[in-house]
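Notes for the structure review
Listed below are the residues making up each chain.
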Amino acid sequence: MLDVHPAHHAATTWRDFLIHIATIVIGLLIAVGLEQTVEFLHHTHQLHELESDLHNETGRQHATLQNDFRTFAMERSWLLSLRNDVDTMRASGGKIKLPYRPKPTDPDLPGHPGLAVIWPADGVWQTARFSGLINLLTPRQAELYASVARQEELFAAAANAWITEQTALIAFETQFDDGAPGSTPDLARMSPAQLDQYYVMLTRNLAMRDTIVNRCKIFDTVVSAILDGVSSREEIFRRMRAQNIDLER
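Everything in this summary refers to the structure shown in the same document. (Residues numbered from 1 in each chain as written. Predicted model: local features only at pLDDT ≥ 70, side-chain atom pairs only at ≥ 80, totals over all residues. Heavy atoms only, no water.)

All chains considered together, the criterion is met by one cavity of 30 Å³ or more. Volume-wise, the largest cavity comes out at about 50 Å³. Put simply, the parts of the chain that give the lining of the largest cavity at least two residues each are helix 1 (14-91) and helix 3 (139-173). Class assignment for the residues of the lining of the largest cavity results in five nonpolar, two polar and two charged. (1 Å grid on protein atoms, 1.4 Å probe; cavity = no way out; pocket = protein on both sides within 12 Å on 5 of 7 lines; lining within 4 Å. Points joined across faces, edges and corners; volume = space filled by probe spheres on them. Helix = DSSP H or I, 4+ residues; strand = E, 2+ residues; numbered from the N terminus. Nonpolar A, V, L, I, M, F, W, Y, C, P; charged D, E, K, R; others polar.)

Structure follows, in C-alpha cells:
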C-alpha cells in the first residue's frame, strides 16, 4: 500500500491548504485504487485457478467412474457364476461338490490381487468450500459443482453400505478356508443350511453392487454434463429425463 506523506512546510494560505488537502485526497485515492486493483487481479487469478482445478477434478472423477463401471461389470459376472454354483450345490442337497471360483483380476493392473474400485474423490471442492474460495464462483458455477459434491456423498453412502455387506460376506467365507494368506473358501465344507445362507448373502451383495452402479451412472451423467459445458442444473435435469434417470434435486 502507498504511503501519503505530508508537505514539508506548513500551508500559509487557503490556496496552499486546499492544494495540500487535494494532494492527500488524490494520493489516498490512488493508493486505494492500486490496492483494489491488486486485490481484483489476485482474486481473478484465484478464480481461474479454482475453475481449472475443479474442471480437472471433474475429469478425474469421470475417468475413475469408467474404471469402476468396468470393475463392477467383471465382479458382477463372477458373483453371478459363483451364486449359480452355490445354487447347483443347494439343489443337489450338498451332493454335488464344486470348487470356489477364483476372483477375476483387472488386466490393466497386472499383479494386483482382485479388482480395484476407486473412489471418485472431490478434494478440490471440499478444500475450496472450507476455505471460502467457492465464493469466487458465480452462483451457477457453485450450484453445478455442488451437484457433483452431492453425487459424491450419495456414492459414498451406497459404497459404505456395500462395504458393510462385503465385510460380512468375507467373514462368512473365512470360516471355510484353511487360514493361509490368499486362501479361498472350500464350498464342500458348507452344510446345506450354510449354502442357503451363502446364497442369500451373495444375492444381497449383488443387489448392493447394482445400487452402486446405478449411483455411478447418475454421478457420471452429472460430471459428463459439466465437462460438456452445461451452464445450469436444469440442463443436467434435462439429460436425466432424456435417459429416464430421476436425479434428486
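Moving on, there is more to tell.
This part takes up the environment of Pro-99. Position of Pro-99 relative to the elements: it lies in the loop between helix 1 and helix 2 (123-131). Residue classification places Pro-99 among the exposed residues on the basis of a relative accessible area of 63%. The spatial distance from the C-alpha of Pro-99 to the C-alpha of Leu-187 is 6.5 Å, given a sequence separation of 88 residues. (Buried < 20%, exposed > 50% of the residue type's maximum accessible area, 1.4 Å probe, protein only.)

Looking now at the side chain of Asp-68. Examined against the element boundaries, Asp-68 turns out to sit in helix 1. Comment: no salt bridge for buried Asp-68; closest opposite-charge side chain is Arg-70, at 7.9 Å. One polar contact links Asp-68 to Asn-67, side chain to side chain, over a distance of 3.2 Å. With residues up to four places along the chain from it excluded, the contact list for Asp-68 reads Ala-116, Val-117, Ile-118, Pro-120 and Phe-155. (Lys, Arg positive; Asp, Glu negative; His and termini not counted. Salt bridge = Lys/Arg side-chain N within 4 Å of Asp/Glu carboxyl O. Polar contact = N/O pair within 3.5 Å; in protein donor to acceptor, adjacent residues only side chain to side chain. Contact = heavy atoms within 4.5 Å.)

The subject of this paragraph is the packing of helix 3 against helix 4 (residues 192-227). At their nearest, the axes of helix 3 and helix 4 sit 9 Å apart, and the two run at 165° to each other. With respect to each other, helix 3 and helix 4 are oriented roughly antiparallel. Two packed elements cross with a definite hand, and for helix 3 against helix 4 that hand is left-handed. Residues that form the contact of helix 3 with helix 4 fall into these classes: 23 nonpolar, seven polar and six charged. (Axes fitted to C-alpha atoms, helices over the stretch in contact; angles between N-to-C directions. Parallel < 35°, antiparallel > 145°, perpendicular 65-115°, else oblique. Left-handed = near helix turned anticlockwise from the far one by under 90°.)

Under the defined criterion, the tally for this structure stands at six aromatic pairs. The interplanar angle of 80° and the centroid separation of 6.4 Å between the aromatic rings of Trp-78 and Tyr-100 together place this pair among those described as edge-to-face. Residue Trp-78 is located in helix 1, and its partner Tyr-100 is located in the loop between helix 1 and helix 2; the two are separated by 22 residues in the primary sequence. Grouping residues by exposure puts Trp-78 and Tyr-100 together as buried. Joined through ring pairs, the aromatic side chains of Trp-119, Phe-155 and Phe-219 make up one cluster. One cation-aromatic arrangement involves Arg-90 over Tyr-199; the distance from NZ or CZ to the ring centre is 4.3 Å. For the cation-ring pair, Arg-129 lies above Phe-130, with the distance from its terminal atom to the ring centre recorded as 4.5 Å. (Phe/Tyr/Trp six-rings, centres within 6.5 Å; stacked < 30°, edge-to-face > 60°. Lys NZ or Arg CZ within 6 Å of the ring centre and 35° of its normal.)

Attention shifts here to the environment of Gln-61. In this structure, Gln-61 sits in helix 1. Taking the C-alpha atoms as reference points, Gln-61 and Ala-121, separated by 60 residues in sequence, lie 6.8 Å from one another. What Gln-61 contacts, discounting residues up to four positions off in sequence, is Pro-120, Ala-121, Asp-122, Val-148, Phe-219 and Val-223.

A few words now on the layout of surface pockets. Taken as a whole, the second largest pocket encloses approximately 200 Å³ of empty space. As for the second largest pocket, its lining consists of Tyr-100, Lys-103, Ile-170, Glu-173, Thr-174, Asp-177, Gly-182, Ser-183, Thr-184 and Pro-185. Taken together, the residues that form the lining of the second largest pocket break down as three nonpolar, four polar and three charged.

Attention shifts here to helix 5 (residues 233-242). Turning to helix 5, its buried residues are Arg-233, Ile-236, Phe-237 and Met-240. An end-on view of helix 5 places all buried positions within 100° of arc, on one side of the element. Those residues of helix 5 hidden inside the fold are in contact with helix 3 and helix 4. Remark: Asn-244 follows helix 5 within two positions and exhibits a positive phi of approximately 60°. (Arc of directions from axis to C-beta.)

Our focus in this paragraph is the environment of Thr-221. Here Thr-221 lies in helix 4. In sequence terms Thr-221 and Phe-237 are 16 residues apart; their C-alpha atoms lie 9.8 Å from each other. Contacts of Thr-221, omitting those with residues within four sequence positions, involve Arg-239, Met-240, Gln-243 and Ile-245.

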